[in-house]
Amino acid sequence: QLQAFGGGLVQAGGSLKLSCAASGRTFSNYAMGWFRQAPGKDREFVAGVTRSGGNTYYANSVKGRFTISRDNAKNTLYLQMNSLKPEDTAVYYCAAGRLFATSSTRYDYWGQGTLVTVSS
């Protein structure tokens, strides 16, 4: 089970940190990803991290602004979001899969989503 939290309303240029708490399975056995879905748009890849945390990947739209990390001892995934823009407004989902991928279809487990709203 995955539970994402930390979303909210922030002004453009601000920061938020999302967390995703995992339970029920061995967290370190899974690559993790963050995806987002804006109103009227498809779900898109934001960032991903390998099982050990040794490798991270980002969508071009967030590279340099967002940082994904994980703490396997705490079974928790994070997404630090800085320099937020109105176009970052979306519901953000965490997901777990056996291997890292940018396609949402490769992930087996999903959190419920947390809404991030960036005002201009």
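Residues numbered from 1 in each chain as written. Predicted model: local features only at pLDDT ≥ 70, side-chain atom pairs only at ≥ 80, totals over all residues. Heavy atoms only, no water.

**A look at the overall build of the chain**
- When its secondary structure is counted, the chain shows 0 helices and 11 strands.
- The linear arrangement of helices and strands in the chain, starting from the amino end, is β-β-β-β-β-β-β-β-β-β-β.
- Whereas a compact globule of 120 residues would reach a radius of gyration of roughly 14 Å, the chain reaches 13 Å, a difference of no more than 12%.
- Seen along its three principal axes, the alpha-carbon backbone of the chain occupies a region of about 40 × 25 × 25 Å.
- For the chain, buried positions account for 43% of its 120 residues.
- In the chain, of all internal contacts separated by at least 6 residues, the share reaching a separation of at least 24 is 56%.
- When the accessible surface of the chain is split by element, carbon and sulfur atoms take 45% of a total near 6200 Å².
- In the chain, 13 side chains carry a positive charge and 6 a negative one; their mean positions are 6 Å apart. (Helix = DSSP H or I, 4+ residues; strand = E, 2+ residues; numbered from the N terminus. Rg over C-alpha atoms; globule rule 2.2 N^0.38 Å. Buried < 20%, exposed > 50% of the residue type's maximum accessible area, 1.4 Å probe, protein only. Contact = heavy atoms within 4.5 Å. Areas by Shrake-Rupley, 256 points an atom, 1.4 Å probe, with all protein chains shown as cover. Lys, Arg positive; Asp, Glu negative; His and termini not counted. Charge placed at Lys NZ, Arg CZ, Asp CG, Glu CD.)

**A look at the environment of Gly14**
- Locating Gly14 in the fold gives a position in the loop between β2 (8-11) and β3 (16-22).
- Between the alpha carbons of Gly14 and Tyr30 there is a distance of 30 Å; along the sequence they are 16 residues apart.

**Considering the side chain of Asp88**
- Note on placement: Asp88 falls in the loop between β8 (76-81) and β9 (90-97).
- When its relative accessible area of 1% is taken as the criterion, Asp88 is described as buried.
- At 2.9 Å, the side chain of Asp88 and the side chain of Arg36 are in polar contact.
- Excluding residues within four positions of it along the chain, Asp88 makes contact with Arg36, Arg65, Phe66, Ser83, Val116 and Val118. (Polar contact = N/O pair within 3.5 Å; in protein donor to acceptor, adjacent residues only side chain to side chain.)

**Quick word on the nonpolar core**
- Core analysis: the biggest nonpolar cluster contains 35 residues, and Met32, Trp34, Leu77, Leu79, Met81 and Tyr92 have the highest contact counts within it.
- If you list the elements that add at least two residues to this core, you get β1 (2-5), β3, β4 (31-37), β5 (44-49), β7 (66-71), β8, β9 and β11 (114-119).
- Broken down by element, the residue count for this core peaks at 5 residues, all from β9.
- Non-local contacts of Leu77, meaning those with residues more than four positions away in its chain, are made with Leu18, Ser19, Cys20, Phe27, Met32, Gly33, Trp34, Val49, Ile68, Ser69, Arg70 and Cys94. (Core = buried A, V, L, I, M, F, W, Y, C linked by side-chain atoms within 4.5 Å.)

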